[in-house]
Amino acid sequence: MGEPSFLSTKQGRKLAYHRTEGRGPWVVFLGGLKSDMQGTKAVFLEEWAKKQGRAFLRFDYSGHGESSGEFTEGCIGDWAEDTAEAVAALTYGPILPVGSSMGGWQALLLARAMPERVAGLVTIAAAPDFTEDGYWAGFSDAQKQTLEEVGHVELPSDYMEPYVITKRMIEDGRDQLVLRSPLKLPFPVRFLQGTADTAVSVETAVRLLEHAMGPDMQLRLVKDADHRFSDGPCLGLIAKAIDEVEQASL
């Protein structure tokens, strides 16, 4: 896939990215927690975009992939800063964010921060507010005490090595919540969700659909699809959703 380029941010981070010029709106892929821009969905969408002559950007948040920093140093707000800087520096005109899992939360934060640039939005197993509603709400008293005394806890994952969840990530997450206040999405939106997802529930997807406000919003449930949402049919559905959102935005 070639060597990445790097963007130096005003926070002093170095973000690795791959950028493809083409017709807009810019498709910006936002990956999940501890994933990187070499994942199946990101690489598939880049190749799909190239074939169609579309503008496309994928990048690694700080502490992820080939970008600078350690994962345990980061938090939702840091990665929102990374996203905003990457979009501002590396794209122009309308954007169409495609956010996977934690990247879905990032896409919603981006849409809230710069709605004038968002032509449409696609999420895949979006996980808004998961630090509060997933992690903190699920912690035992002992885990909460460990978080306070040690500064982090380790949580098992179905998809990779355990997550190290820091006190800073939990506390910062409370400043980034999107389901506690009005969430206006004044553009076409498609939420994609698998029914066999063990990381993000269908109930979370329905809660997001019911909470957000917008003129053209749909939730697509795929029976037996898991959190990866990256087999052939699921990848095709992502591409179809991008096409549909773009057409609806015209």
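Please refer to the structure placed before this passage.
Summary of the structure given here. (Residues numbered from 1 in each chain as written. Predicted model: local features only at pLDDT ≥ 70, side-chain atom pairs only at ≥ 80, totals over all residues. Heavy atoms only, no water.)

Some points on the side chain of Gln-106
Position of Gln-106 among the secondary structure elements: in helix H3 (residues 102–113). Polar contacts involving the side chain of Gln-106 include one to the main-chain carbonyl oxygen of Ile-76, which spans 3.2 Å. Sequence-distant contacts of Gln-106, that is, excluding residues within four places in its chain, are made with Leu-30, Tyr-61, Ile-76, Trp-79, Ala-80 and Thr-83. (Helix = DSSP H or I, 4+ residues; strand = E, 2+ residues; numbered from the N terminus. Polar contact = N/O pair within 3.5 Å; in protein donor to acceptor, adjacent residues only side chain to side chain. Contact = heavy atoms within 4.5 Å.)

Brief notes about the sheet that holds strand E4 (residues 54–59)
The 8 strands lie next to each other as E1-E2-E4-E3-E5-E6-E9-E10, forming an open sheet whose pairing is mixed. The open sheet terminates on both sides in strands that have one partner only, identified here as strand E1 (5–8) and strand E10 (217–222). Shown here is a sheet whose adjacent strand axes are inclined to one another by a mean of 20°, direction ignored. The sheet contact formed by strand E2 (residues 14–20) and E4 spans 4 bridges and is antiparallel. The partner of His-18 across the bridge, within E4, is Arg-58. Each of E2, strand E3 (23–30), E4, strand E5 (95–100) and strand E6 (121–124) is contacted by helix H1 (residues 40–52), which is oriented at about 160° to E4, the strand it contacts most. (Pairing = 2+ DSSP bridges. Axes fitted to C-alpha atoms, helices over the stretch in contact; angles between N-to-C directions.)

What about the nonpolar core?
With 53 residues, the main nonpolar core has Leu-33, Tyr-135, Ile-165 and Leu-185 as its most contacted residues. Ranked by residue count, the leading element in this core is H3, at 7 residues. The contacts of Tyr-135, once residues within four sequence positions are left out, are Leu-33, Phe-130, Leu-155, Tyr-163, Ile-165 and Ile-170. Ala-49, Leu-192, Val-222 and Phe-229 belong to the second largest nonpolar core, which has 22 residues in total. (Core = buried A, V, L, I, M, F, W, Y, C linked by side-chain atoms within 4.5 Å. Buried < 20%, exposed > 50% of the residue type's maximum accessible area, 1.4 Å probe, protein only.)

A closer look at the environment of Ala-16
Within the secondary structure, Ala-16 is located in strand E2. Judged by its relative accessible area of 0%, Ala-16 falls in the buried class. C-alpha of Ala-16 to C-alpha of Ser-62: the two residues are 46 residues apart in sequence and 8.6 Å apart in space. Not counting chain neighbours up to four residues away, the residues in contact with Ala-16 comprise Pro-4, Ser-5, Phe-6, Met-37, Phe-59, Asp-60, Glu-66 and Ser-67.

Quick look at the pattern of salt bridges
Pairing between side chains of opposite charge can happen when the charged atoms of each approach one another. Across all of its chains, the model carries 20 salt bridges by this definition. Note that Arg-19 and Glu-21 form a salt bridge whose closest N and O atoms lie 2.9 Å from each other. Between Arg-190 and Asp-216 there is a salt bridge; the shortest N-O distance is 3.0 Å. Pair noted here: Arg-190 is in strand E9 (residues 189–194) and Asp-216 is in the loop between helix H7 (202–211) and E10, with a separation of 26 residues, a long-range link. Residue class for Arg-190 comes out buried when judged on its relative accessible area of 3%. (Salt bridge = Lys/Arg side-chain N within 4 Å of Asp/Glu carboxyl O.)

A few points about H1
Its 13 residues give H1 an end-to-end C-alpha distance of 18 Å, which sits within 8% of 18 Å, the value for a rise of 1.5 Å per residue. Within the sequence span of H1, burial applies to Lys-41, Ala-42, Val-43, Leu-45, Glu-46, Trp-48 and Ala-49. In this structure, the buried side of H1 is in contact with E2, E3, E4, E5, E6 and helix H8 (232–249). (Expected span 1.5 Å × (residues − 1).)

Quick look at the pairing of E9
When you tally the buried positions in E9, you get 6 out of 6 residues, the bulk of the element. Where burial is concerned, the two faces of E9 agree: the one with Val-189, Phe-191 and Gln-193 and the one with Arg-190, Leu-192 and Gly-194 are both buried. Pairing of E6 with E9 involves 4 bridges; the strand directions are parallel. In the strand pairing of E9, Leu-121 is matched with Val-189. With 6 bridges joining them, E9 and E10 adopt parallel strand pairing. Its bridge partner being in E10, Arg-190 is matched across the sheet by Gln-218.

Notes on the pairing of E4
When you tally the buried positions in E4, you get 6 out of 6 residues, the bulk of the element. The alternating pattern of E4 places Arg-54, Phe-56 and Arg-58 and Ala-55, Leu-57 and Phe-59 on opposite faces, both of which are buried. Sheet analysis places E3 next to E4, joined by 4 bridges and oriented parallel. Each bridged residue has a counterpart across the sheet, and for Val-27 the counterpart in E4 is Phe-56.

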